[in-house]
Amino acid sequence: MKFLLDDEQAEFGRTLDRMLTAADTPAAVRAWGDGDTGRGRALWARIAEAGVFALAVPEAQDGMGLLPVELAVSFVELGRHAVPGPLVESVAAGVLLGGLAERGDTAAADAWLPRIASGQAMVSLALAEGGPYALDADAADVTFVVTGADAPGTAELRTTAGHGPVQPSLDPARRLARPLPGTGATLAISPAVEAAATAAADWAAFATAAQTLGVGLALVERTVAYAKQRTQFSTTIGAFQAVKHRLADALIGLEFARPLVHGAAVALSGKSADAGAEIAAAKVAAGEAAYAAARTALQLHGAIGYTAEYDLSLWIRKARALRSAWGTPSACRARVLAGPVAPSPGVSPATGPAQVP
Amino acid sequence: MDLDFTTEDDAFRAEARDWLAAHVPARPLPSLETSEGFAAHRAWERTLSTGRWSAVSWPVEQGGRGASILHWLIFEEEYYAAGAPGRVSQNGINLLAPTLFEHGSPEQRARILPAMASGEVIWAQAWSEPESGSDLASLRSTAVRVAGGWLLNGQKAWSSRAAFADRAFGLFRSDPGADRPHRGLTYLMFPLDAKGVTVRPVGRLDGKPAFAELFLDDVFVPDEDVIGEPGRGWQVAMSTAGNERGLTLRSPGRFTAAAEKLTALWRDEADPADTALRDRVADAVIRSRAYRLFTYANASRIAAGASIGAESSLNKVFWSELDISLHETALDLLGPRGELSDEAGEAPADGSWADGYTFSLAGPIYAGTNEIQRDIIAERLLGLPKGRRS
Ligand SMILES: Cc1cc2nc3c(=O)[nH]c(=O)nc-3n(C[C@H](O)[C@H](O)[C@H](O)COP(=O)(O)OP(=O)(O)OC[C@H]3O[C@@H](n4cnc5c(N)ncnc54)[C@H](O)[C@@H]3O)c2cc1C
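Here the residue numbers are simple positions, counted from 1 along each chain's written sequence. In the order they appear in the text, chains get letters beginning with A and ligands get numbers beginning with 1. Whole-chain, interface and lining totals are the exception, using all residues; otherwise, since this is a predicted model, local features are given only for residues with pLDDT of at least 70 and side-chain atom pairs are given and counted only at 80 or more. Side-chain numbers come from the whole structure's heavy atoms, not from hydrogens or water.

### Some points on the sheet that holds strand 4 (residues 134-135) of chain A
Whether parallel or antiparallel, the strands of a sheet pair through hydrogen bonds between backbone atoms. Residue and element names in this part refer to chain A. Pairing between strands is defined by DSSP: at least two bridges between the two strands are required. In this text, helices come from DSSP runs of H or I with a minimum length of four residues, and strands from runs of E with a minimum of two, each type numbered from the N-terminal end. An order of 4-8-7 is seen for the 3 strands of this open sheet, with the pairing classed as antiparallel. Strands with a single pairing partner mark the edges of an open sheet, and in this sheet they are strand 4 and strand 7 (167-168). Strand direction decides the pairing type here: strand 4 and strand 8 (residues 175-177), joined by 2 bridges, are antiparallel. In the strand pairing of strand 8, leucine 135 is matched with leucine 176.

Below, the structure is given as structure tokens:
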């Protein structure tokens, strides 16, 4: 048992961090929100070059196979830098198509996965588990939808080129639209579609949890820096205990969400049957922790935190939006209770006269 | 990164599980905070030590198994899953023993540890004083040098289980002239039945005489019972405090076991339409799992050669709040029966939710209050400036 990132994994995170810092990501985020996707696409290419999208694409289609731990590390960084775009959706689409290929249907995988892995294709995805909207369908090269899973074996994977009107999100850098039915081509109709779509939704929830953790970490980092520098009553506000304790609580929430995100990654690597509950636990914990961090960040920044000009807003608004993306807190909590309390490594249910104190 | 156990780990788990299944008392022991329960728990410590399970992480010479931190975690998981009794010797095993391993002499370890492992000598922690709780360094009890040892005077407060325990360890001011309150303190051990010691049991919130005030009046302590260097007791104490907050006091096993029971209770008792309560059960499960994985991550760090410092304050706040919410949720699930004490004839059969609840309320107070832990987190982990606390 070694529940710890190895040196290479940690270095991968640091490399992404350096790259995204140097790339002036906040400017790309703002442009993206204004509908100008050029800078965002340039950033996308660099993220792909670093290998992020290949982490959920099988080797047969030019990927690196499924590497959930590395994916968690990279999505924490993508969240820390508030990178815009259908990142989660592209990864989940990779899992979906890879899942079809694994079940023998390689046509769509061969057509799309090499392009996803290399960053040439920016893909959005709508699945029942993720709600009616596709993220950034207006910017993506294609949107995949799975429909008709009402009766077993009837699920259909399609591409759609068109979408309905863009619905602004409360995170300006997230643009939501309903995919238009009946456009594009049918890629697959088979029982395999349903299973692959379920797996894709799990991976989407998992990547969102990691991204959310990163958003929360950025909020605390920025707020600590601000609290050390902002002076009121002739002292830095970071010396006030009420300020310190809120930040300490924000950190506690995030530091205990992190092992759940890593635990979900381990469950996915082992293809554990309990992975769904593990992912749901990570999603709840990361979502609550990042949201609490956002509330704390806003409060401790005072009015400057409430301005759109100040970059903090990029993370504050994302923290709320990600809470309900790919699994609401309520749905995730229900899913946790459907799984075992202490999944493998296992503790059998308590027997005998359990005494707690 | 993995959570896989080796066959050796599995074998260790199986051995612990089998032994516990054969030895854990079929009926819960009476509360260890009563004199009858204390005796029963002492006997349980003896049973544990005959199986060499009382201090699994200690070296074999001292009655342990030389178990790794991972095996210790596995043992604790099995221990709580088996519903085994609370540990009456925990102050000694979790606080004093690690301090002796770090600062004690070989003679002290040889003399003290075997009797601790067998439950023959049960230890109490005598740190707090009526005027010195969070600000421990302001303590006033004194140790004055005399031929061959020290004379202790003063008053200690809130000493858990001191009403029934055999010996205590604590901090005393040995140099009243030292320039700072943290200097000139000495860490000493003394018998609770020594001449000059008066023990006054104090009822806790649950009414049980579970802690005590200690009055010390010219109590003689020989030199061999000083731990570390005289005058440098603060440094010794800080290593105890790290253990108290960090890994060794609250293993994840007890919270995962409690979360299991809570989930079972929810399945049996809950109104499925009450999603608010369902969400609280789910949160307790999620948090107990987070705590467990956090601990595995720390164990992995330690195995890789790192040491855990101020991070133990994250643990302390987290487990103490988790413990309360686990128990509050259980009492709410029980509805009108949630107010029954464990002694009530109609109390829920599946565990000691009422006693557990009352005890959990103390978690944010002892082992350094959560306010103090948040200061440590803010200052040492986040690098925020020190406040007015000196
Ligand atoms: C069940 C239980 C068992 C115990 N067992 C033992 C034992 O075995 N041995 C032992 O020595 N002691 C024991 N204690 C005592 C415990 O260590 C103290 O209660 C604790 O250190 C707090 O001290 P205090 O009670 O004097 O509270 P105070 O220090 O008086 O604090 C009162 C309140 O003020 C807050 N406060 C104090 N200073 C600050 C600050 N700088 N910033 C913000 N808030 C602050 C505290 O957080 C607390 O909320 C036990 C206590 C309990 C409840």
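Now that the structure has been shown, the text picks up again.
### Overview of the interface of chain B and chain A
Contacts between chain B and chain A engage 71 residues on the former and 56 residues on the latter. Both sides together, the interface formed by chain B and chain A hides about 5,800 Å², and carbon and sulfur atoms give 67% of it. In the sections that follow, a salt bridge refers to a side-chain nitrogen of Lys or Arg positioned within 4 Å of a carboxyl oxygen of Asp or Glu. On the surface where chain B and chain A come into contact, there are 4 salt bridges. Under the rule applied, a polar contact is a pair of N or O atoms within 3.5 Å (in protein, one hydrogen donor and one hydrogen acceptor; residues adjacent in sequence only if both atoms are side-chain atoms). In this assembly, chain B and chain A are joined by 13 residue pairs in polar contact (both at pLDDT 80 or more). Counting only elements with at least two residues in the side of chain B that touches chain A, the list comes to helix 1 (7-23), helix 3 (69-81), helix 7 (252-269), helix 8 (275-303), helix 9 (312-333), helix 10 (353-360) and helix 11 (370-381) of chain B. Tallying contributions element by element places helix 8 of chain B first for the side of chain B that touches chain A, with 17 residues. A class-by-class count of the residues in the side of chain B that touches chain A yields 36 nonpolar, 13 polar and 22 charged. A contact between two residues is defined here by any heavy atoms of the two lying within 4.5 Å. By convention, the term buried area covers the 1.4 Å-probe accessible surface removed from two parts as they join, with the contributions of both added. In this classification, the charged set is Asp, Glu, Lys and Arg, the nonpolar set is Ala, Val, Leu, Ile, Met, Phe, Trp, Tyr, Cys and Pro, and all remaining amino acids, among them Gly, are polar.

### What about helix 5 (residues 87-102) of chain A?
Residues and elements named next belong to chain A. With 16 residues, helix 5 extends 23 Å between its outermost C-alpha atoms, agreeing within 8% with the 22 Å of an ideal straight helix rising 1.5 Å per residue. Partly exposed residues are those whose accessible area sits between 20% and 50% of the maximum for their type, while under 20% is buried and over 50% is exposed, using a 1.4 Å probe and protein chains only. Counting buried positions along helix 5 yields 15 of 16 residues, so the element is predominantly enclosed. Glycine 104 lies just past helix 5 and shows a positive phi near 105 degrees. One less than the number of residues in a helix, times 1.5 Å, gives the span that helix is expected to have.

### Here's the deal with the pairing of strand 7 (residues 211-222) of chain B
Residue and element names in this part refer to chain B. Where strand 3 (residues 149-160) lies against strand 7, 9 bridges are found, and the strand directions are antiparallel. Looking at the pairing, glutamine 155 lines up with phenylalanine 215 of strand 7. As defined by bridge partners, strand 6 (residues 197-202) adjoins strand 7 across 6 bridges and the pair is classed as antiparallel. Bridge pairing in strand 7 links threonine 198 to phenylalanine 215.

### Focus on the packing of helix 4 (residues 90-103) of chain B against helix 5 (residues 106-117) of chain B
Residue and element names in this part refer to chain B. Interhelical geometry of helix 4 versus helix 5 gives an angle of 165 degrees and a closest axis separation of 11 Å. What the angle tells us is that helix 4 and helix 5 run roughly antiparallel. Classified by chirality, the crossing of helix 5 by helix 4 is left-handed. Of helix 5, the residues touching helix 4 (which contributes Gly92, Ile93, Leu96, Ala97, Leu100 and Phe101) are Gln108, Arg109, Ile112, Leu113 and Met116. Partitioning the contact of helix 4 with helix 5 into residue classes produces 8 nonpolar, 2 polar and 1 charged. Fitting a line to C-alpha atoms yields each axis, with helices limited to the stretch in contact; the angle taken between N-to-C directions then spans 0 to 180 degrees. Working rule for angles: under 35 degrees goes down as roughly parallel, over 145 as roughly antiparallel, 65 to 115 as roughly perpendicular, anything else as oblique. Less than a right angle of anticlockwise turn of the near helix away from the far helix marks a crossing as left-handed, whereas a clockwise turn marks it as right-handed.

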